[in-house]
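If you want the building blocks of each chain, they are given just below.
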Amino acid sequence: MAKAFSYPVFKEDRCKGCALCTTVCPRDIVKMSDRINKKGYFVSTVTDKSACIGCTFCARICPDVVIEIHREKKEE
Ligand code: SF4
Ligand code: SF4
């Protein structure tokens, strides 16, 4: 049987480190990282892709359209 799973993908170079996305995740898996992008900002990241429920809250709150939610099918 095929199951769907989702996870966020970050276009890190667009991120301005505002941390808004870290405030809305119901699974608390969106965090600021210790990586710095080309613009000199700390970027956000996902700490556990497998815990994502695909709600898209993180993508929708980002003012800079950094985050896309990818959806894939997993065959079982
Ligand atoms: S899509 Fe929802 S559950 Fe997944 S990382 Fe974003 S806010 Fe969290
Ligand atoms: S809301 Fe967008 S710009 Fe702000 S930290 Fe998150 S990904 Fe970066």
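For the structure, see preceding data.
To keep things clear, this report deals only with the structure shown in the data block. (Residues numbered from 1 in each chain as written. Chains lettered and ligands numbered in written order. Predicted model: local features only at pLDDT ≥ 70, side-chain atom pairs only at ≥ 80, totals over all residues.)

### Quick look at the site of ligand 2
Consideration 1: Surrounding ligand 2, one finds C15, K16, G17, C18, A19, L20, C21, S44, C62, D64, V66 and I67.
Consideration 2: Split by residue class, the shell around ligand 2 holds eight nonpolar, two polar and two charged. (Near = placed C-beta within 6 Å. Nonpolar A, V, L, I, M, F, W, Y, C, P; charged D, E, K, R; others polar.)

### With respect to the site of ligand 1
Consideration 1: If you check the shell around ligand 1, you find 16 residues, and the closest are C25, C52, C55, F57 and C58.
Consideration 2: In terms of residue class, the shell around ligand 1 is built from 13 nonpolar, two polar and one charged.

### Considering the environment of I61
Consideration 1: By the element assignment, I61 lies in helix α1 (residues 57-61).
Consideration 2: Put simply, I61 and T22 are 39 residues apart on the chain and 9.7 Å apart in space, counted from C-alpha to C-alpha.
Consideration 3: Those residues within four positions of I61 in sequence are excluded, and the remaining contacts are L20, C21 and V24. (Helix = DSSP H or I, 4+ residues; strand = E, 2+ residues; numbered from the N terminus. Contact = placed C-beta atoms within 7 Å.)

### Remarks on the nonpolar core
Consideration 1: Formed by F10, C15, C21, C25, V30, V43, V46, C52, C58, C62, V66 and I67, the largest nonpolar core amounts to twelve residues.
Consideration 2: Apart from the residues lying within four places of it in its own chain, the contact partners of C52 are S6, Y7, P8, R27, I29 and V46. (Core = buried A, V, L, I, M, F, W, Y, C linked by C-beta atoms within 7 Å. Buried ≥ 20, exposed ≤ 12 C-beta atoms within 10 Å, placed from the backbone.)

### Things to note about unusual backbone geometry
Consideration 1: A positive phi angle is found at A19, which is not glycine, with a value near 70 degrees.
Consideration 2: Tracing the backbone through its elements, the reader meets A19 in the loop between β1 (2-10) and β2 (30-36).
Consideration 3: One non-glycine residue, D28, lies in positive phi territory at about 55 degrees.
Consideration 4: With respect to the secondary-structure elements, D28 resides in the loop between β1 and β2.
Consideration 5: Given 12 C-beta atoms within a 10 Å radius, D28 is considered exposed.

### Overview of the pairing of β2
Consideration 1: By the bridge criterion, four bridges tie β2 to strand β3 (residues 42-46) in an arrangement that is antiparallel. Counted as the bridge partner of K31 is T45 from β3.
Consideration 2: Between β2 and β3, which pair antiparallel and follow one another directly, the connecting turn spans five residues, one of which, G40, has a positive phi of 95 degrees. (Pairing = 2+ DSSP bridges.)

### Section: the environment of K16
Consideration 1: Looking at the element boundaries, K16 is found in the loop between β1 and β2.
Consideration 2: Between the alpha carbons of K16 and K3 there is a distance of 34 Å; along the sequence they are 13 residues apart.
Consideration 3: Apart from the residues within four sequence positions on either side, K16 is in contact with K39, Y41 and D64.

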